[in-house]
Amino acid sequence: MKYLKQSALLIASAVFLVSCFEKNRKETAKTETTSKKHWPNGAQLVISVSMQFETGGQPEGAESPFSGTPLPKGQPDLAAESWYRYGANEGIYRMLDLWKKYDIKVTSHVVGTAAEKYPDIAKAIAAGGHEIAAHGISWDNQWDKNYADELRFVKDGVDAVEKITGQKATGYNCNWLRRSPNTLKVLQELGFLYHIDDLSRDEPFITKVSGKNFVVMPYTLRNNDIVNIEGKNWSPDQFLAQLKFEFDRLYEEGASRRRMMSISFHDRIGGTPAMVHAMEEFIKYTKEKKGVVYMRKDEIAKMIVNDPETPIDNSEDMYNN
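In this numbering scheme, every chain counts its residues from 1 along its sequence in written order. With the structure being a predicted model, the display of local features is reserved for residues of pLDDT at least 70 and the display and counting of side-chain atom pairs for 80 or more, all residues being used for whole-chain, interface and lining totals. Note that the side-chain values use all heavy atoms of the structure and ignore hydrogens as well as water.

Novice: Please clarify how the overall build of the protein should be interpreted in this entry.
Specialist: In terms of helices and strands, the protein carries 11 helices and 9 strands. To sort residues, take the accessible area from a 1.4 Å probe on protein chains only and compare it with the maximum for the residue type: under 20% means buried, over 50% means exposed, and anything in between is partly exposed. Burial analysis of the protein (321 residues in total) assigns 47% to the buried set. Sequence-distant contacts, at least 24 apart, represent 75% of the contacts inside the protein between residues at least 6 apart. Accessibility throughout is a Shrake-Rupley quantity obtained with a 1.4 Å probe, and a residue counts as covered only by protein chains that appear here. For the protein, the exposed area adds up to about 16,100 Å²; of that, 54% sits on carbon and sulfur atoms. The numbering of helices and of strands both runs from the N terminus, where a helix is a DSSP run of H or I of at least 4 residues and a strand a run of E of at least 2. The contact definition used throughout considers only heavy atoms, calling two residues in contact when any of these lie within 4.5 Å.

So, in structure tokens, the structure goes:
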């Protein structure tokens, strides 16, 4: 009887140990699954800010608060021109102060003629450690240019800004995102790494251009000052609410998949006192969460261009190859 009791005790102990081992194995597997990092740098959410520098590059009759009542062709719209100058006189510098305060590096798409007209501003952006990206030689269409004219238009802008800042652009943004069927082939020929004129995803992806990898860094219309503040007359607090809602959802999704939040500011709009205040409140809000990283677009593109987890999307294959 004594031996029977000892045997039963040994069997019960073995069963208990096996169950503990199995429970521990499942918990470990669960932890490994939930803690998987979807960005190479371990971030849960990457935020990338665009700061467009366009003052001085705009054509006659460009969009302004007075566009609804345009003046006759050839008549200078002095009020509109002063609105654009606000970006150079106040907006860019106010935003640069904000980025410096929180050690955030942004991507600035710079129009070539804007840099030529305000070289000190272009130099200040570069000196702040921000990415100098391309935005054409002037604020003009690309969709209606042939291959040779479009290539010259892009190259002239890159060369003008590089001469002033010492930085050669590797990222591109067309006027109002309206690229031509040749744009990506032009950019690849000129040595670009990525473009942003795409709205199809909430994460960067790869597309094949002439059989080679080309990075697409999706842009935003939802978190964009020219669309929502200027175009829809939102107040800065409405814009802030939009940013917070977007952040909360993307941050939650970022626990199980790669997510990127894009925000866009333009010199004359995003650089106003109220908008900079709203953005500062948003930065503070995001700093309360772990795993949130602000990055330049060129740094993101370099990080994921050869990452096997980066999606490949050839939806525009008919144009790119």
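Novice: Even after reading the chapter, I still don't get the pattern of salt bridges, so can you show me in this structure?
Specialist: Working definition: two side chains of opposite charge can pair if their charged atoms are close together. Should a side-chain nitrogen of Lys or Arg be within 4 Å of a carboxyl oxygen of Asp or Glu, the pair is scored as a salt bridge. Inspection of the entire model under this criterion finds 19 salt bridges. Close ionic contact of Arg258 with Asp307 constitutes a salt bridge, the shortest N to O distance being 2.6 Å. Residue Arg258 is found in the loop between α8 (236-253) and β8 (260-266), and its partner Asp307 is found in the loop between α10 (297-304) and α11 (317-320); the two are separated by 49 residues along the sequence. By relative accessible area, which is 18% here, Asp307 ends up buried. Taken together, the salt bridges that share partners define one network made up of Glu54, Asp267 and Arg268.

Novice: Looking at this model, I keep getting lost on the nonpolar core. Mind explaining?
Specialist: Throughout this description, the term nonpolar core refers to a set of buried Ala, Val, Leu, Ile, Met, Phe, Trp, Tyr and Cys residues connected via side-chain atoms within 4.5 Å. Trp99, Met279 and Phe282 are the most contacted members of the largest nonpolar core, which has 51 residues in total. If we skip the residues at most four places from it in the chain, Trp99 touches Val49, Met51, Ile104, Val106, His130, Phe265, Met279 and Ile283.

Novice: I'm lost on the side chain of Arg268 in this one. Help?
Specialist: Structurally, Arg268 can be placed in the loop between β8 and α9 (273-286). Taking the relative accessible area as the measure of exposure, Arg268 reaches 2% and is therefore buried. For the purposes of these results, a polar contact is taken to be a pair of N or O atoms within 3.5 Å, where, inside protein, one atom must be able to donate a hydrogen and its partner to accept one; residues adjacent in sequence count only when each atom of the pair is a side-chain atom. Polar contacts involving the side chain of Arg268 include one to the side chain of Asp267, which spans 3.1 Å. Not counting chain neighbours up to four residues away, the residues in contact with Arg268 comprise Glu54, Trp83, Tyr84, Tyr86, Gly87, Trp139 and Ile226.

Novice: Sorry if this is basic, but what is going on with the packing of helix α2 (residues 78-101) against helix α4 (residues 119-127) here?
Specialist: Only C-alpha atoms enter the line fits that serve as axes; for helices the fit covers just the stretch in contact. Angles between N-to-C directions range over 0 to 180 degrees. Relative to each other, α2 and α4 sit at 5 degrees, their axes nearing to 11 Å. Comparing the axis directions of α2 and α4 gives the class roughly parallel. Of the residues in α4, those in contact with Ala88, Ile92, Tyr93 and Leu96 of α2 are Asp120, Ile121, Ala124 and Ile125. Basically, the charged four are Asp, Glu, Lys and Arg, the nonpolar ten are Ala, Val, Leu, Ile, Met, Phe, Trp, Tyr, Cys and Pro, and anything else, Gly included, counts as polar. Partitioning the contact of α2 with α4 into residue classes produces 7 nonpolar, no polar and 1 charged. Orientation is classified from the angle alone, with under 35 degrees giving roughly parallel, over 145 giving roughly antiparallel, 65 to 115 giving roughly perpendicular, and any other angle giving oblique.

Novice: Even after reading the chapter, I still don't get α2, so can you show me in this structure?
Specialist: Every α-helical turn comprises 3.6 residues, leaving residues that sit three or four positions apart pointing alike. If you check α2, its first and last C-alpha atoms are 34 Å apart, about what 24 residues at 1.5 Å a residue would give, namely 34 Å. Along α2, the sharpest change in direction is near 40 degrees and occurs at Glu90. By the burial criterion, the buried members of α2 are Ala80, Trp83, Tyr84, Gly87, Ala88, Gly91, Ile92, Met95, Leu96, Leu98 and Trp99. Along its buried surface, α2 packs onto β1 (45-52), α4, α7 (225-231), β8 and α9. Multiplying 1.5 Å by the helix residue count minus one yields the expected span of that helix. Here the bend at a residue means the angle between the axes of two seven-residue stretches, the one that ends at it and the one that starts at it.

Novice: I'm lost on the pairing of β8 in this one. Help?
Specialist: Sheet faces and side chains relate simply in a regular strand, where the side chains alternate between the two faces. Among the 7 residues in β8, 7 count as buried, and that is most of the element. Neither face of β8 is open: one carries Met260, Ser262, Ser264 and His266, the other Met261, Ile263 and Phe265, and all of them are buried. Whether two strands pair depends on DSSP finding at least two bridges between them. Direction of pairing for β1 relative to β8: parallel, over a ladder of 7 bridges. Each bridged residue has a counterpart across the sheet, and for Val49 the counterpart in β8 is Ile263.

Novice: Looking at this structure, how should I read α4?
Specialist: For α4, the full list of buried residues reads Ile121, Ala122, Ile125 and Ala126. For α4, the arc enclosing every buried residue in end-on projection is 135 degrees, short of the 170-degree limit, so these residues lie on one face. Turned more than 90 degrees away from the buried face of α4 sit Asp120 and Ala127, all of them exposed. Contacts from the buried residues of α4 go to β1, α2, β2 (107-110), α3 (112-117), β3 (131-134) and α5 (147-165). Directions from the helix axis toward the C-beta atoms define the arc.

Novice: Before we go on, may I ask you to explain the packing of aromatic side chains in this structure?
Specialist: Where two aromatic rings form a pair, the distance of their centres and the angle of their planes describe that pair. Ring pairs shown here join Phe, Tyr and Trp side chains whose ring centres sit within 6.5 Å, with only the six-membered ring taken for Trp; geometry is labelled stacked below 30 degrees between planes, edge-to-face above 60, and tilted in between. In this structure the tally under the stated criterion is 9 aromatic pairs. With a centroid separation of 5.9 Å and 90 degrees between ring planes, the pair formed by Phe247 and Phe282 is classed as edge-to-face. On the criterion of sequence distance, the pair formed by Phe247 in helix α8 and Phe282 in helix α9 is long-range, its members being 35 residues apart. Looking at Phe247, the relative accessible area reads 0%, which means it is buried. When the ring of Phe247 is compared with that of Tyr285, the centres are 5.9 Å apart and the planes differ by 70 degrees; the resulting orientation is edge-to-face. Placement of Phe247 in helix α8 and of Tyr285 in helix α9 is noted, with a sequence separation of 38 residues between them.

Novice: Can you help me understand the environment of Asn223 in this one?
Specialist: Turning to its location among the elements, Asn223 is positioned in the loop between β7 (212-216) and α7. Using a relative accessible area of 0% as the deciding quantity, one classes Asn223 as buried. Once the C-alpha coordinates of Asn223 and Ser262 are considered, the two residues, 39 residues apart in sequence, prove to be 7.0 Å apart. Once residues within four sequence positions are removed from consideration, Asn223 is found in contact with Asn228, Phe239, Gln242, Leu243, Glu246, Met261, Ser262, Ile263 and Ser264. In this structure the side chain of Asn223 is engaged in a polar contact, spanning 3.0 Å, whose partner is the side chain of Gln242.

Coordinates in, geometry out; function isn't part of it.
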